[in-house]
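Overview (structure and organization)
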Amino acid sequence: SNFEKYLGGTATKAGAINFRSKMASTLKADYFISIHCDGWTDFSKGAHTIYNDETSKQLAIDLLDNYDITNILPKSPHKRSDLGVLGSSNKSKKKVLIELGYLTSPIDAKNIVTNKNKIATLLVNGLTKNINNA
């Protein structure tokens, strides 16, 4: 029913991306944090955040400020404008995508799976820091 409410029932990959963006916009979200785990064909490892506008850059920094589950990639945070969930259809005031690490890296995967509660706490702490400094 939620897909019907926001998209007219489209249950595709693009539909899911649009659903999240449209839902955040409809609900007038102040913050939109899309949480992911990376994967690659080699043994890349590390976490990073992505933002698409300068109003979201500090949130991207704050979310990984104390993150110690996996290494932080040197390019983090980095700006990209080609990600659907962070696109112009998402009207949230601040929006970021966080990659917690690489599930294709045995070290990252183990650290992510065994530290789910700690990850949640660290992300809440980063969000709280950003809210308090706004």
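Preceding this section is the structure that the text describes.
Because the structure is a prediction, the values reported are computed rather than measured. (Residues numbered from 1 in each chain as written. Predicted model: local features only at pLDDT ≥ 70, side-chain atom pairs only at ≥ 80, totals over all residues. Heavy atoms only, no water.)

Let's talk about unusual backbone geometry
The criterion, for reference: Strands are runs of DSSP state E lasting at least two residues, helices are runs of H or I lasting at least four, and both sets are numbered from the N terminus onward.
Each neighbour pair has its own omega, and for Ser76 with Pro77 the value is -5 degrees, a cis peptide bond. Relative to the helices and strands, Pro77 resides in the loop between α3 (54–63) and β3 (78–79).

Brief notes about the pairing of strand β2 (residues 48–51)
Quick reminder of the rule: When a residue's accessible area, from a 1.4 Å probe over protein chains only, is under 20% of the maximum for its type it is buried; when over 50% it is exposed; and in between it is partly exposed. When DSSP finds at least two bridges between two strands, those strands are taken to pair. By convention a crossover is right-handed if, when the strands point away from the viewer, the path from the first strand over the helix to the second runs clockwise.
Residues of β2 alternate between two faces, with His48 and Ile50 on one and Thr49 and Tyr51 on the opposite face, all of them buried. Pairing analysis gives four bridges linking β2 to strand β4 (residues 94–102), with the strands arranged antiparallel. Among the inter-strand pairings, His48 is bridged to a residue of β4, identified as Glu99. As judged from the two bridges shared by β2 and β3, these two strands associate in the parallel manner. Among the inter-strand pairings, Ile50 is bridged to a residue of β3, identified as His78. The parallel pair β2 and β3 is bridged by α3, and the resulting crossover is right-handed.

Points about α3
Condition: This arc describes the spread of directions from the helix axis toward the C-beta atoms. Throughout, a residue-residue contact means that at least one pair of heavy atoms, one from each residue, lies within 4.5 Å.
Where α3 is concerned, the buried positions are Ser56, Leu59, Ala60, Asp62 and Leu63. Viewed along the axis of α3, the buried residues span an arc of 165 degrees, placing them on a single side of the element. Contacts made by the buried residues of α3 are with β1 (31–38), β2, β4 and α5 (116–132).

Quick look at the pattern of salt bridges
Applicable threshold: Here, a salt bridge means any Lys or Arg side-chain nitrogen found within 4 Å of an Asp or Glu carboxyl oxygen.
As enumerated under the stated definition, the model contains six salt bridges in all. Here Asp65 ties to Lys129 by a salt bridge, and the two come within 2.8 Å at their closest N and O atoms. Here Lys129 lies in helix α5 and Asp65 lies in the loop between α3 and β3, a separation of 64 residues in the sequence. By sharing partners, the salt bridges in this structure join Asp62, Asp65 and Lys129 into a single network.

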